[in-house]
Amino acid sequence: MLKSPASNPTAGVHSADTQAKIEASEKTFSLNAKDKYYAWLFLGPSLLILGVFIFYPMFRTLYLSLFLTNTVGKPTVFVGLQNYVNLLTSADYLNSLLVTMVYVLGVTAATIVLGLLLANLASKQLAGIGIFRTLFSATMGVSVSVAAIFWLFIFNPSTGFLALMSTWLHLPVIPWLTNSTWAMIAVIITTVWMNLGFTFLILFGAIQSVPRTLYEAASIEGASSRFQFFHITIPSISPTLFFVSIVTLIEGFKSFGLIDLMTKGGPTNATNMLVYRIYKDAFYSGNFSQASAESLILTVIIALFTLLQFKVLEKRVNY
Amino acid sequence: MSITLNDVRKDYDSQTAVLKNVSAKIETGEFFVIVGPSGCGKSTLLRMIAGLTPITAGEIKIDDTVVNDLPPKARKLTMVFQNYALFPFLSVWDNVAFGLKARKLATDDINARVKEALKMVNLTKLAKRKPRELSGGQRQRVALARAVASDAKICLMDEPLSNLDAQLRIKMRQEIYALQRKLGLTLIYVTHDQVEAMTMADHIMVLNDRHVQQIGTPSDIYQNPRNAFVAKFFGTPQINILPAKRSEENSHIVNVSSDLQIVLDEEAPSANLQIGIRPDDMQVKRADGVESNAVVKNTEFLGDETIVYATLNSGSDIHVVLPGKADFRSYEPIRVTANANLMFFDPDGKRIDLSKEAYVHA
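All chains use their own residue numbering, which begins from 1 and follows the written sequence. Chains carry letters and ligands carry numbers; both start at the beginning, A for chains and 1 for ligands, and go up in the order they are written. Under the rules for a predicted model, residues below a pLDDT of 70 receive no local features and side-chain atom pairs below 80 are neither given nor counted, while totals for whole chains, interfaces and linings still include all residues.

The name given to chain B in an unreviewed UniProt entry is Glycerol-3-phosphate ABC transporter ATP-binding protein, and the organism recorded there is Lentilactobacillus fungorum.

Under an unreviewed UniProt entry, the name given to chain A is Glycerol-3-phosphate ABC transporter permease, and the source organism is Lentilactobacillus fungorum. The UniProt entry for chain A carries this comment under Sequence similarities (unreviewed entry): "Belongs to the binding-protein-dependent transport system permease family." UniProt positions are given in the numbering used here, feature names are shortened, and annotations may be inferred rather than shown by experiment. Turning to chain A, the UniProt annotation filed under Subcellular location (unreviewed entry) states: "Cell membrane".

If you want it as structure tokens, here you go:
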């Protein structure tokens, strides 16, 4: 009991000491040995997996893109940026870039417009709307290969549904997969169909979360449903809309399975998109160094869009 | 513009008659308050007048036009929502201008009206802000400005003050009242707060249990409640409602157990009654020398008055408001009396009007 007043000053000194420590750690954030041990222990597994499957292939790709390689992918001669120069001056590669752009923009625009349309439709309070909500999002459960085969049947020039319809209506049969323009359109249609489930679901969720009273207030003030759609729904879901656009865009750049199953890049390179081209250059032609350079260009393109997404989403969250 | 409700009824698929037999006449320029406890259908009624919820049967008229099947925008009214329904992505100015733009008014006209409306609610300086940068009271005022700018002569308000704190509520109450008077709006105002109803209304509609309980002026509703529910809903603290029986020996005498004896100048209308006495119409005396009829539970001192909570010997809880400070200890035996403004209800709570005076025999 008598000691307690005497121990007070020490307590004071001690707490001042602790205070100093806290201040120091706030400034430099240094970890002691034990903390470091735990940090690495927790980071270890994910670092290992990322290292083996992401970082190593990435640096290996960068490395290979600066060399010429033999047919099994071993680097032989260092050529610096020659692979990139070759690519960016090759009409063939620039064509691939162009068709990829056409494809990606077409897919994104159509997916967003259709997704928005369906989501808006499904948000209406109508009888049996639940069935349509399920149907609209159903393509989420369909794999690329199934979708490709399904649409190949529809596009088949002699027995396909579209060909039969055209014949029945006495219209010329569209050469879906054998004409350059139509092949691109066919691939876009198939991709949009595949994307629609996910896009619909996300946009539907966003529309559902717009407070009902906003629409009620607007309808009392005399706004038509068209006006409400463009002046309430669109601005309210604009962050989601932007997110879905970027995701669709990036997925578009990465499109491979569909191309492989439906057109194999043809006819005459009309659908020879970037990823499919990388695959062919590497594993058909054995030109690993060029394929590596193409991969890096693709990475940069996608990284730019991702960056754009981050920047805009940071700023444009409008409320 | 006046509004007439004629035997309006609402059924939902899952629930029949959430509202029935609702009839009322709301005059031009009137401040009409619909009040009732949660879930009594008051918001539903307002939404039916607005046209946001269809009515099942009956008739709603604006002036002489039946509007049952008219969409909200054709009814030429405005509505202020509980959560204000402001567009979060638009500035204050654009929020107020929204409806005017939707109706494709001329830009000059829109600008003039928005400017005027913002001035009227003192928001001119905040015109460029987004709703999230405003306080609750300011958001409320944006919603009011929107109603003002629309120039409609009927305004509906659905619990507009319930998201504000007590101080601000009193302030906004006065602002809304002043605005209504200034613009000559026919205002229908929904609230669950009896104080808001009493302070602002020209006429009050009390809704409960799917029915209109009473329509009347605030003083009428307070002094002449048509049933026990209305009597209990208005007035703080609540009115005391005590069960009573007609004396078997003398039909002019009504007893609240053996605690209070009420003498009537006429025969008691039924054998079983309920007596309503406002807390400030009762008196309390220390039971010194007189027989006690109640025991004090506790007292609450509020500065200008004291509320005494007590239990009658028969077991009924009562409360009495006494002016100034009153010193009673808990468990102190007291004598409670009353001598004015007694109300009589039948066992179902329906008001019984007596033609002559009644007084408590102390």
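Still more ground to cover, so stick around.
Residues and elements named next belong to chain B. Note on pairing: DSSP must find at least two bridges between two strands before they are called paired. The way it works is that DSSP assigns letters per residue, a run of H or I at least four long becomes a helix, a run of E at least two long becomes a strand, and they are numbered from the N terminus. An order of β2-β1-β4-β5 is seen for the 4 strands of this open sheet, with the pairing classed as antiparallel. The open sheet is flanked by β2 (19-26) and β5 (65-66), the only strands paired with a single partner. Two strands pair when backbone bridges link them, and strand β1 (residues 3-10) and β2 are joined in this way by 5 bridges, in the antiparallel orientation. Each residue of the ladder has a partner; that of Leu5, found in β2, is Ala24. By the convention adopted here, residues make contact when the C-beta atoms placed from their backbones lie within 7 Å. Axis geometry follows a simple rule: fit a line to the C-alpha atoms, using only the stretch in contact for helices, then measure angles between N-to-C directions, giving values from 0 to 180 degrees. Most of the contacts of helix α1 (residues 42-50) go to β1, to which it runs at about 120 degrees, and overall it touches β1, β2 and β4 (57-62).

Our focus in this paragraph is the packing of helix α3 (residues 107-120) of chain B against helix α4 (residues 136-150) of chain B. When two helices pack together, their arrangement is captured by the angle between the axes and the distance separating the axes. All names here are of chain B. The N-to-C vectors of α3 and α4 enclose an angle of 135 degrees; their axes lie 8 Å apart at closest approach. In terms of orientation, α3 lies oblique with respect to α4. As α3 runs across α4, the sense of the crossing is right-handed. In contact with Arg113, Val114, Ala117, Leu118 and Met120 of α3, α4 contributes Ala145, Val148 and Ala149. Looking at side-chain class alone, the contact of α3 with α4 contains 7 nonpolar, no polar and 1 charged residues. To sort the angles, those under 35 degrees are grouped as roughly parallel, those over 145 as roughly antiparallel, those from 65 to 115 as roughly perpendicular, and the leftovers as oblique. Whether a crossing is left-handed or right-handed is set by the direction in which the near helix is turned from the far one by less than a right angle, anticlockwise for left-handed and clockwise for right-handed. Any residue that is not Ala, Val, Leu, Ile, Met, Phe, Trp, Tyr, Cys, Pro, Asp, Glu, Lys or Arg is counted as polar, Gly included; the first ten are nonpolar and the last four charged.

The subject of this paragraph is the UniProt feature "transmembrane region" (unreviewed entry) in chain A. Residue and element names in this part refer to chain A. The UniProt entry lists residues 37-56, 97-119, 131-154, 182-207, 228-250 and 295-313 under the feature "transmembrane region" (unreviewed entry), expressed in the numbering used here. Structurally, residues 37-56 comprises 100% helix and 0% strand, and the distance from its first C-alpha atom to its last is 24 Å. The distance separating the terminal C-alpha atoms of residues 182-207 is 34 Å; by composition the span is 100% helix and 0% strand.

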